[in-house]
Every structure is written in C-alpha cells, then in structure tokens.
Amino acid sequence: MNLSSLLENRDLLICVGSGGVGKTTTAAALALRAAQDGRKVLVLTIDPAKRLANSLGMKRFGNEETRIELEDAKGELWAMMLDNRRTFDDLIDRVSPNETTRDRVLGNRIYRIISGSISGSQDYMATEKLHDVALSKRYDLVVLDTPPVKNALDFLEAPGRLARFLDRRIMKWFLTPYDEKRVFGRLLMGTSAVVFRLLAYIFGRDFLADLSEFFMAFRDLYDGFRQRHEAVLQLFQDGRTAFVVVCAPTEPSVKVATYFLDELQTRKMPNPGVIVNQCHLVGEETSDGRAVLETEARSMSEDLGTNTVDRLLARLGAAHHRLIELSRTEMVFVDQIKDKIRSDQAVWPVPRLEHEVNDVASLKTLGQHLFHKTM
Amino acid sequence: MTVQSLVDSRLLLITGKGGTGKSTLSAALGRHIANQDRSTIIVEVDSHRPSLTEMFGVQPTYEPVNVGRNLDICNVTWKEALTEWLERTVPVQRIVRLIMGNRIVQVFINATPGVRETVILSRIATLCEMYDTVVVDMPASGHAVSLVRVPHIALDLMASGPIRERSEQVIALFGEPTTNLVIVCLPEEMIVNETIELWTNLKEVQSSLRIPNIVLNRSVVPSMTDDERQLLERLNSKMGDDEAVRDLLLAGRWEAELESATATANERLSTELNADVIHISRLGALGGMQGGAKEVVRQFAAAIARKALVEVKS
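1. Details of the overall build of chain A
- Regarding its fold elements, chain A presents 16 helices and eight strands.
- Considering only contacts within chain A whose residues lie at least 6 apart along the sequence, 78% involve residues at least 24 apart.
- Counting every atom, chain A has about 16500 Å² of accessible surface; 48% of that belongs to carbon and sulfur.

2. Thoughts on helix α11 (residues 226-239) of chain B
- In this model, α11(B) (14 residues) spans 20 Å end to end at C-alpha, consistent with the 20 Å of a helix rising 1.5 Å per residue.
- Buried within α11(B) are the following residues: Glu228(B), Leu231(B), Leu232(B), Leu235(B), Asn236(B) and Met239(B). All buried residues of α11(B) lie within an arc of 140° about the axis, which places them on one face of the element. Every exposed residue of α11(B) that faces more than 90 degrees away from the buried side is listed here: Asp226(B), Glu233(B), Ser237(B) and Lys238(B).
- Among the structural elements, α14 (287-299) and α15 (308-340) of chain A together with α12 (246-272) of chain B are those in contact with the buried residues of α11(B).

3. Some points on the state of the cysteines
- In total, this model carries zero disulfides over all chains according to the counting rule given.
- The thiol of Cys15(A) is unpaired, and the distance to the nearest cysteine sulfur, on Cys247(A), comes to 12 Å.

4. What about the environment of Glu44(B)?
Residue and element names in this part refer to chain B.
- Its location among the elements puts Glu-44 in strand β2 (residues 40-45).
- C-alpha separation for the pair Glu-44 and Leu-98, spaced 54 residues apart in sequence, amounts to 28 Å.
- Ignoring sequence-local partners within four residues, the contact set of Glu-44 consists of Pro-50, Ser-51, Leu-52, Cys-74, Asn-75, Val-76 and Asp-137.
- Within polar-contact distance, the side chain of Glu-44 engages the side chain of Ser-47 at 3.4 Å.

5. Section: the environment of Phe174(B)
Residue and element names in this part refer to chain B.
- Tracing the sequence through the fold places Phe-174 in helix α9 (residues 162-175).
- Linking Phe-174 and Ile-196, residues 22 residues apart in sequence, is a C-alpha distance of 19 Å.
- Beyond its immediate chain neighbours, meaning those up to four positions away, Phe-174 contacts Leu-11, Leu-13, Leu-121, Val-148, Thr-179, Gln-206 and Leu-209.

6. A look at the sheet that holds strand β7 (residues 273-279) of chain A
Residues and elements named next belong to chain A.
- If you trace the eight strands from one edge of the open sheet to the other, you get β3-β4-β2-β5-β1-β6-β7-β8, paired in mixed fashion. In this open sheet, the two edge strands, each paired with only one partner strand, are β3 (66-68) and β8 (346-351). Strand-to-strand twist across the sheet, computed as the mean angle between neighbouring axes with direction ignored, equals 25°.
- With three bridges connecting them, β3 and strand β4 (residues 76-81) associate as antiparallel partners. The partner of Arg-67 across the bridge, within β4, is Trp-78.
- Running at roughly 135° to β8, helix α16 (residues 360-370) makes contact with β3, β7 and β8 of the sheet.

7. Observations concerning the pairing of strand β8 (residues 276-281) of chain B
Residues and elements named next belong to chain B.
- Counting buried residues along β8, five of its six residues qualify, which places the element largely inside the surrounding structure.
- Sheet topology note: the strand β7 (residues 213-219)/β8 ladder contains five bridges and is parallel. Residue pairing in the sheet places Val-215 in a bridge with Ile-278 of β8.

8. Focus: the packing of aromatic side chains
All names here are of chain A.
- Counted under the stated rule, the structure contains three aromatic pairs over all chains.
- Ring centres 6.4 Å apart and planes at 70° place the aromatic pair Trp-78 and Tyr-139 in the edge-to-face group. One end of the pair, Trp-78, is in strand β4; the other, Tyr-139, is in the loop between α7 (121-136) and β5 (141-145), with 61 residues separating them in the sequence.
- Judged by its relative accessible area of 10%, Tyr-139 falls in the buried class.
- Considering the side-chain rings of Phe-88 and Tyr-111, the 5.2 Å spacing of their centres and the 85° angle between planes classify their relative orientation as edge-to-face.

9. Some thoughts on the confidence of the model for chain B
All names here are of chain B.
- Across chain B, the average pLDDT comes to 85, with 88% of residues at or above 70.
- Considering each helix and strand of chain B separately, the mean pLDDT is smallest for strand β9 (residues 310-312), with a value of 41, and largest for strand β4 (residues 71-76), with 98.
- Reported for the predicted complex are a pTM of 0.82 and an ipTM of 0.75.

10. As for the packing of helix α4 (residues 78-89) of chain B against helix α7 (residues 115-130) of chain B
Residues and elements named next belong to chain B.
- It is the contact of α4 with α7, at a shortest axis distance of 8 Å, that shows an interaxial angle of 70°. Between α4 and α7, the crossing angle belongs to the class labelled roughly perpendicular. Within the contact between the two elements, α4 uses Trp-78, Ala-81, Leu-82, Glu-84, Trp-85 and Arg-88 and α7 uses Val-115, Arg-116, Val-119, Ile-120, Ser-122, Arg-123 and Thr-126.
- Residues that form the contact of α4 with α7 fall into these classes: seven nonpolar, two polar and four charged.

11. Looking at the pattern of salt bridges
Residues and elements named next belong to chain A.
- Under the counting rule described, the total for this entry stands at 39 salt bridges over all chains.
- The partner of Asp-11 in a salt bridge is Arg-39, and the shortest N-O contact between them spans 3.5 Å. Here Arg-39 lies in the loop between α2 (23-36) and β2 (40-45) and Asp-11 lies in the loop between α1 (3-9) and β1 (12-16), a separation of 28 residues in the sequence.
- According to the relative accessible area criterion, Arg-39 is buried, its value standing at 15%.
- A salt bridge links Asp-37 to Arg-33, with the shortest nitrogen-to-oxygen separation between them at 3.9 Å.
- Several salt bridges share partner residues, and in doing so they unite Arg-94, Glu-128, Lys-129, Asp-132 and Arg-228 into one network.

12. Quick word on helix α5 (residues 93-101) of chain B
Residue and element names in this part refer to chain B.
- Of the residues making up α5, those classed as buried are Ile-95, Val-96 and Ile-99. One side of α5 holds all its buried residues, which, seen down the axis, span an arc of 105°. For α5, the exposed residues lying more than 90 degrees away from the buried face are Arg-94, Arg-97 and Gly-101.

13. Details of unusual backbone geometry
- Positive phi values are uncommon outside glycine, yet Lys268(A) reaches one of about 55°.
- Residue Lys268(A) is classed as exposed on the basis of its relative accessible area of 65%.
- A positive phi is found at Asp37(B), a non-glycine position, where the angle reads about 70°.
- Of note, Asp37(B) is situated in the loop between α2 (22-35) and β2.

Basis of the calculations
- Residues numbered from 1 in each chain as written.
- Chains lettered and ligands numbered in written order.
- Predicted model: local features only at pLDDT ≥ 70, side-chain atom pairs only at ≥ 80, totals over all residues.
- Heavy atoms only, no water.
- Helix = DSSP H or I, 4+ residues; strand = E, 2+ residues; numbered from the N terminus.
- Contact = heavy atoms within 4.5 Å.
- Areas by Shrake-Rupley, 256 points an atom, 1.4 Å probe, with all protein chains shown as cover.
- Expected span 1.5 Å × (residues − 1).
- Buried < 20%, exposed > 50% of the residue type's maximum accessible area, 1.4 Å probe, protein only.
- Arc of directions from axis to C-beta.
- Disulfide = S-S within 2.5 Å.
- Polar contact = N/O pair within 3.5 Å; in protein donor to acceptor, adjacent residues only side chain to side chain.
- Pairing = 2+ DSSP bridges.
- Axes fitted to C-alpha atoms, helices over the stretch in contact; angles between N-to-C directions.
- Phe/Tyr/Trp six-rings, centres within 6.5 Å; stacked < 30°, edge-to-face > 60°.
- pLDDT = per-residue confidence, 0-100.
- Parallel < 35°, antiparallel > 145°, perpendicular 65-115°, else oblique.
- Nonpolar A, V, L, I, M, F, W, Y, C, P; charged D, E, K, R; others polar.
- Salt bridge = Lys/Arg side-chain N within 4 Å of Asp/Glu carboxyl O.

Here is the structure:
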C-alpha cells in the first residue's frame, strides 16, 4: 500500500502518535494532496499551531468548516478546528429525548465544567465530531489529527468512556433515592446510608446535589450515547478507514508508535503503516566534497576575514559528521519499526524540512516528501 | 535565577510540550539535587508506562522506591492516592475499605470530574512534607493546565468539606516561594509559541505562580561569525545543487538555522515571558540517546553539576 492509493481508496484517515512529531502538519499535508488530486477533503484538527491555522484561515471557535483557497487543486480542501464545548453541547442536543432534558443538562454547573476544561473530554469530543462529519457524507475524505493524549490509549478508548460512566444499572442504583423523591440523607439504610453520608461529608452537600442532578439529567441520554459509541467503534474498524501512526525517529516516540501498532492490531483497526517524520537523511562523508568546496570557498572569500574559510570548513565538517551520527541513530529506530510491522504494512520516512511548515506552500513541500518513496 | 535556586526548591514542577525532554530533565534534575545532599523524590503522575523505569532501571510504584543515595522515585497512581486520601480523611479503616470496594462509589468517582486530580495533588502535597525536594514530571502542556486548574474548580464548586480544605492547601503550596515551575522548550518557533501560551494559561489559572524557568533544550548558542555566514551563503547560492557538496552545505544551513532559532527563542522567551532561560546544549541532552535513557540522565546530571549550562540573565 502506498500513501497515494490510501488517499484515493479510504474515506477516513486518523493520524495517531505522540506529541511533537508533526501529526497536525502531516494530517494537513495528506489532506492537501488528496484535494489536489480531486477529492473533497476535510481536515479536522484539534489545536494547530497559530501560524498554520492563520495562514489556512481557520476559525478557532464554533466548529466552523472553512474552505481553504487553492489555486491548482482539482478537489476541495476544507479545515475545521475542534471546539470542545460546542461539540459537547451539540452532542447533548442530539441525544436528548426532549428539550427539557437538554436544557437541564446544559444548565448544570458540573456539566459546564466537564465540557469546558476537564482533560479527557477532548479525546471523546474528537471522536464525536468525527462520527458527525464522517457519517454526513459531505466529504469524500476526512483526515483527523488526534489530540495530544496523556496516554496513548486514551484516544482509542474514548468512544466507550462516556457510555461506561453511564452504565444503566449503576445509575439506577445511585439514583434510586432521588427517583423516590426522598430528601438526601433521609430514609437510607445499610451500606448506602453510610456511603451516601460519607460522600456528602467529603464532597459537601451542595456539590452532591449538583452532581446527582447531573447524573439524573444524563440518565435519559444513556441510549443515545451507547448507540453513538457503537457507531464510532464500527467506523474505526471499517475497511474504508485507516489509522496512520505518526512518529519521529527518537526512542520515546518510537515506543509510543509500536504501542499503537500493537493496540490497533488487537482492536482490529486498519493500520496500513507508519510515517516517520523529522528524519535527518544524509549521505556519507566524502573527501572529494570537502576538496571541491575548499577550492571554491578560497576563490570567493578574498574580502572576508583571514581564517573564515578554514573556520567554516571545519564547522561544516563537524556539522556533517553530527548529522551522519544522528541519522545512523535514527535509522536504528526506523529499523525497530520495520521489524515490528506486518508484511502488508509500510514505513514512510520523511526528512526533516529546513523551514517550519506553516502555510500551503510548505505543506506542499512536505507532501512531495511524503509521496516521494516507500521503504 | 540559577540552577542553584532550582536545587533549593521544595516543589519543582516540570512541564512542556510532549517530546521536548521534560521527563529526562526531571530525572536529571532529581539526580543532581539528590547529589547536593537533599532528600529528593522524582514523581511521575499516574503513568501507565512510567518513563522513569527506563531511566533508573527500576519500575516506580506508588510507594517510593530508592534508586540511590538521597534519591527515590514514584508513580502517583490515582487509585492508591484515593485510598490514601480516604484514609486521611475518614478515620475508620473499615469504612475506607467499604468505600473502595463499593461499585457505586467507583462509578461515582470515575464520573465526578476532578476527583483523580485532587487526590493526586494531595499526594504530591504529602510528599512535600516527607522530602527536601519533590520533582514532578508533570503532564504535557494542556494537561498540566487542567491539573493545576482542578483545585480552583473545587473552590468554586464546594462550599465546605475536606476536598475544599485540601484544595486550599494545594493552591497555597503552588504559590509558595519554594515552589518553582520549569517549562522545557526547544529552539523551534512552534514550540516557543506553545511555551508562551502555556505560561499565559497557567498564570490565568493560578496567578500566584512564580515566573517559570525555561529550559531551552538542544540549544545551539550562536558562534558563527558574520564572515562565515556570508561565505556559507555564497557557497549555497553557487553550489547548493552540486551532488558532491550538497550534504556538507545542508549541514551548514542546518547549523545556521539552529543558531538563529536558538537566538530568537532566547530573545522571545526572555522578553515576552520575562523568564530566565537556561540553555542545555544538544551535546548534553540530544534526543538520540545512543547510550540508553539511563546513560543520558547520568551524563545530563553530570553536565548540570559541571555548570556546563550557559545561563542567560533576562
């Protein structure tokens, strides 16, 4: 499988991997290429670097799908930045059986906090939004740049998390005293009495009241959440979906990548290969090169300080040497991935670019490297 | 701010964008501080696969594990932290066991925002009473902000009770003069932007945090002369595509780029954050890790000890 056929034959690409390895730019470069080739593409990103977001004209709030103007594309490129709270609000709206339930959840103090600032909700919301756009069929291809997660598994497990919290039997047990309109703390017997009294002591009564209201409101949402959870899981395992692992050739990043390879396999989620970004790809030292450079340098440095040529040549030699060392070390990590993958998977090494990727032009350059070759 | 004032901290919070080397820095600083005769612990926060294992050859557990003179490591997992917290808060052991074993309570705690973070922070506060210095390898950027925000949310939500009390203590601890924040950064524009944004967000959550120390990892302090740059430019424009010298010139451009990126990063971090920037040269802590993580930490700690860091006053 090469990357070009991936862009032609899949409807959903999900870029996963550790932070700081260029996931966002990779996702954007893949999407751009598919758009150039004629598909209508949406790249859904979580938190792109400001400059890239600005140069692409993305809006930070409101989950707005923005069309990116391209001069030479046969298709269309659209981009959207995930607005966590907005996605959560929309979700509540969609799964609520009626307006009363919706308003009760949206107005709950605890809900306001969870949806805004608690870590973990972002992974969940990314899958939620993905479900939304992927099933809408408005795009030929959706490319998702996953959020930086604390643990690699957080993202893959995100769809189930909310459904688990809302396990119906447990909810029922917990909410029984409220259902029966008893005042908290009264008429409770045995274990539950102790537990409830303790929780009230630990959390404070007001908070507990808010929280039970939150649970009560969410209770009616359970079926909706479960259905969506199942739909997202199906989407993840679909043959038209591909997870692309993105990493850098460093020890920690490769560890995370191999972990993803294992987990994706276990979960039967399609994973055609690994993109290794930021590789320092250089050739061996040659004495010829130095000699050629020295002759040339001497001929063009008459107006420069006396030791300039020697200093610069020594510096270039040392820098080149360092790059070679670095690239050897990196190859060891690339080899670790090659040993790890199945025969139907590929490794795509991408050189570290000389300039930061922050606009359409540099995304195109990155794209050229991405589609250059397969190892 | 010097390396010495980091050593004198009671609580050192280390954060930064993923992949900048914050775990390595935490380990190396911890080792260095332990060598200064201070009892020290390096803390990982609720990690499924602790990176400390690699760096010290021992798996850190919730209970501190000794890895050398004056030096312990641990992994503050939230379940153990919760048990400990309940034991502190609820005097009767039997009730604690009852609570922990109760499925309803487990769901309650899973679903209640901030419980995990609260008990983890509580454990960190407890460790501060047990050691001279606690070095915390915090979660990356946004997750670190969430963690610091939790006790503030607790104050908003809870009018009384032990969570509120503990949250007040944690907030006070964060504001202590012996609490220092270190943000690890790399000389790359995007990462510098994120570092500045991270500090803005942290400051917004907790205004009493002291200005962070920025560790600029893999920095290349400028040493190329103007004449050298001039010559490099001439060679590039004349022979940049020549196969025989392409890699040499590429290495040169790379070097020049790293130098100016380092200078720009230093300038922006010092002026926009008003922060002290500590440079760690790429020789000290490159991500390459030929000798394995353990060796990198050893070398890095030695580099700190030799004061091989170039310190730049803002």
